[in-house]
Amino acid sequence: MKITLLTVFSLATICSSALAGSTSSTSSYKLRPDPEGQFPRLGACPDAHACIFPPDVSQFIPGAYFDLRVELHAYDEDTSKPTPAPYTQFKTTVRKNNGPWSDVNRYFDLPNPKLEEWNFSWVNSIDAHLGTIKDGKPVSPVNVAVSSRAWRKLKFKEAGSYEIKVEYGPKQSYTVKYTVVEPKKPKQKAKNVILFISDGTNTGMITAARAVAKAHTSGKYHEFLSFESFDNLGHVITNSVDSLTTDSANSASAYSTGHKSSVNALSVYCDSSEDPFDDPKVESITELIRRRQPNKAIGIVTTAYGQDATPAAFVSHTRKRSTYQEISDQIINGVPDWTDPVIPDVWLTGGAEYFKGPLSLNGTDYYKEFSKKGYKVVQNKKDLNNYNGKDKLMGVFRQGSLDVWFERNLYVNNTVGNKAAPDMSGKDALGSDQPGLEDMTIKALETLKKRGGDDGFFLMSEAASVDKKLHVFDFPRAFAELVELDVTIKKTVEWLKKNGEYEDTLILVTADHAHSFDVWGSVDRNYLSGHVDNTAKLNSIGVYGQSGWPGYFDTNGDGFPDNWTPNIVLAAGTSNGPDHYEAWNTSKDEIRNPSITGPDKLTYIPNPEDAAGDYQKGLKWNSNLPTEENQGVHSMSDVFIYSNGPGSDLFKKTFENWDLFFKMAEAMDLLRPTKKEN
């Protein structure tokens, strides 16, 4: 609803006298649907002036920590007029199960936090976003004057329904309602949990990986992917708190904390301040483990750089996923006024440049800092495989993300000259010297079993580059990353059985979000490359009865195709992307880069040096994205979740991404507060 300037000024003025004697005990709660629009003032903030974080319908575990922030916004959408004065008087109250309202400070036995004030720019339209010229000047965003208070490290100790209300005028208030779940004892406690995340993978990719990696006769597969035989299959809804499509930061955070958030946010709700570290935090599953089952071992494995969104969601809290320096520090040092740092027992990743050298926080050598905390530090595949100790294990194997399976196994020469050595010496980190997902996962399991003992372990293992390769339409490399995950899961199950842990281990295989990938037939690459006319090129695609099988065969039985460049390949793609050409070739000499900046420096055009697009001789794909997007984007599709072992029945059917946290917590018996927790 649009509020006039007069109304805004009058509310800000009369709040001071009106709230002093306010004793209202009635509820003003109303369940409000998310409003229409692409440019909200602030995510999950439907009231015209008040915002409360965590937002409405948030859910908590009894005794789990969270920060509470209340913001009041004064503004006028007529940007030719001055910004109204900020609200300086407002009252925040809380109640349980429709009982009497209590001042929030008394309820949580805390002093009244200081009143904070700042301004932010509300980009409230496409024209404001683009700076469209109207009447001779660019359309301006709306300036918003904010007043706010934040309460840190709160918790609701008992199950029930809770309401938080902020009153900012004689008849102006906003109320949110929370649910604190009834703690359940699991039917069979999962001693161990392994969460495999295949970043960016949808069911279309699962189908494609099966077609690439598994043999078939008379159209019947000899076997499925290893995890397709798991006990249960469900679907996960992936949208964020304020948008249809999510990024890996807030989608992984939903898994790790049980709270949806906004794009780029890690384990926080996004307030409107500039500081990326003052946003209201919510406790992660790894932090909860440290408090309630402190002897359980924790492991983080990824083929990405360790500061990337998915691994960072399990160890850090920040509004901006790009604060890589601080994320590196939070792994072992945590954040102020919060729970103890996670300090995972196993950390196997890339991202060396933020652990040592000029890009690390204050030039800190985190290899030394980790060593001081009892970590064995390894930096290559050989040393990783040779490690058989019981100490905490830190492995960082190159700067940036690890090279993908192709560059570690087929085209190692592509890694010559990368100067990405993890010791920051300027030497190369050859693909052959880097471990794969299987190497890291199995070594993590060995170490976690030793460290967790009877208390078990929690392991998050991510196949990160499925997503990274789908963004740039490098489909063969994306397939290989997913096949590597399949082989890793197979080897994991074998390891669990051999080491007596299989019956006690809940295994989850899911994605954090999807790409709009699918296969609609097969392609004859020779026919496509042999014709110039675009219509003739289209006839290289076989559909329905002509969608014959591709020429991938695994004769040595290692789980991977022996030949990644057959003539007949999958006709595959995503539903979106910038201008580029597609010939479904495998780029052998370099990783695919399908689009480059155009001469106008504002838009993206097909890359003439893109081998996978046959150097602009393939089929032309026209952009259907905003002009600033230089690669494919995520989709809002639900993602799969395969589950096996104790507690796997919890993961059937369809549920939202935030609920994965609660289901994992229930399976591990983390829902119930313990006597010794802090």
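Rules and cut-offs
Residues numbered from 1 in each chain as written. Predicted model: local features only at pLDDT ≥ 70, side-chain atom pairs only at ≥ 80, totals over all residues. Heavy atoms only, no water. Pairing = 2+ DSSP bridges. Helix = DSSP H or I, 4+ residues; strand = E, 2+ residues; numbered from the N terminus. Contact = heavy atoms within 4.5 Å. Axes fitted to C-alpha atoms, helices over the stretch in contact; angles between N-to-C directions. Buried < 20%, exposed > 50% of the residue type's maximum accessible area, 1.4 Å probe, protein only. Disulfide = S-S within 2.5 Å. Polar contact = N/O pair within 3.5 Å; in protein donor to acceptor, adjacent residues only side chain to side chain. Salt bridge = Lys/Arg side-chain N within 4 Å of Asp/Glu carboxyl O.

With that settled, the discussion passes to the sheet that holds strand β25 (residues 568-574). Strand order across the open sheet formed by 3 strands is β24-β23-β25, with antiparallel pairing between neighbours. Because the sheet does not close on itself, it has two edges, and the strands there are β24 (541-542) and β25. The pairing of strand β23 (residues 517-524) with β24 spans 2 bridges and is antiparallel. Across the sheet, Ser522 pairs through a bridge with Gly542, a residue of β24. Packed onto the sheet, helix α4 (residues 203-213) meets β23 and β25 and runs at close to 35° relative to β23. Packed onto the sheet, helix α14 (residues 475-498) meets β23 and β25 and runs at close to 95° relative to β25.

So, about the environment of Glu116. If you trace the backbone, Glu116 turns up in strand β6 (residues 116-122). As a C-alpha pair, Glu116 and Glu71 span 45 residues in sequence and 9.2 Å in three-dimensional space. Apart from the residues lying within four places of it in its own chain, the contact partners of Glu116 are Arg69, Val146, Ser147, Ser148, Ala150 and Asp278.

On to the pairing of strand β17 (residues 346-350), then. The two faces of a sheet get side chains in turn, since along a regular strand they alternate between them. Within β17, 5 of the 5 residues are buried, leaving the element largely enclosed by the surrounding structure. In β17, alternate side chains face the same way, and those of Val346, Leu348 and Gly350 on one face and Trp347 and Thr349 on the other are all buried. Pairing geometry for strand β16 (residues 297-305) and β17, over 4 bridges, is parallel. Across the sheet, Tyr305 pairs through a bridge with Gly350, a residue of β17. When β17 meets strand β19 (residues 392-396), the two strands line up parallel, connected through 4 bridges. Along β19, the bridge assignment pairs Thr349 with Val396.

The term disulfide refers to a covalent linkage connecting the sulfur atoms of a pair of cysteines. One pass over the full model with this rule turns up 1 disulfide. With its sulfur 1.7 Å from that of its partner, Cys45 forms a disulfide with Cys51. Here Cys45 and Cys51 share a disulfide; its torsion about the S-S bond, -80°, makes the bridge left-handed. Accessibility expressed as a relative area gives 0% for Cys51, which makes it buried. In this model Cys270 remains outside any disulfide bridge; the closest cysteine sulfur is found in Cys51, 12 Å from its own. Take Cys270: its relative accessible area is 7%, and that puts it in the buried class.

So, about unusual backbone geometry. The omega torsion of the bond from Phe53 to Pro54 falls at 0°, within 30 degrees of zero and hence cis. When you line up the elements, Pro54 lands in the loop between β1 (50-53) and β2 (59-60). A positive phi angle is found at Asp135, which is not glycine, with a value near 55°. Tracing the sequence through the fold places Asp135 in the loop between β7 (133-134) and β8 (137-138). Backbone geometry places Asn264, a non-glycine residue, at a positive phi of 80°. In this fold, Asn264 is placed in the loop between α5 (248-257) and α6 (285-292).

Let us now look at the side chain of Thr257. Along the chain, Thr257 falls in helix α5. At 2.7 Å, the side chain of Thr257 forms a polar contact with the backbone oxygen of Ser253. A polar atom in the side chain of Thr257 sits 3.2 Å from the backbone nitrogen of His259. Residue contacts for Thr257: discarding those within four places in its chain leaves Ser267, Val282, Glu283, Ser284 and Phe661.

Throughout the structure, instances matching the rule amount to 35 salt bridges. Glu656 serves as the salt-bridge partner of Lys260, at 3.3 Å between the closest nitrogen and oxygen. Of the two residues, Lys260 is situated in the loop between α5 and α6 and Glu656 in strand β32 (residues 653-656); the sequence distance between them amounts to 396 residues. Exposure remark for Lys260: the relative accessible area of 12% places this residue in the buried category. A salt bridge links Lys443 to Glu446; the shortest N-O distance between them is 2.9 Å. A residue pair is termed a helical-turn pair when its members lie 3 or 4 positions apart in one helix, as Lys443 and Glu446 do in helix α12 (residues 437-452) at 3 residues. Judged by relative accessible area, Glu446 falls into the partly exposed class, the value being 24%.

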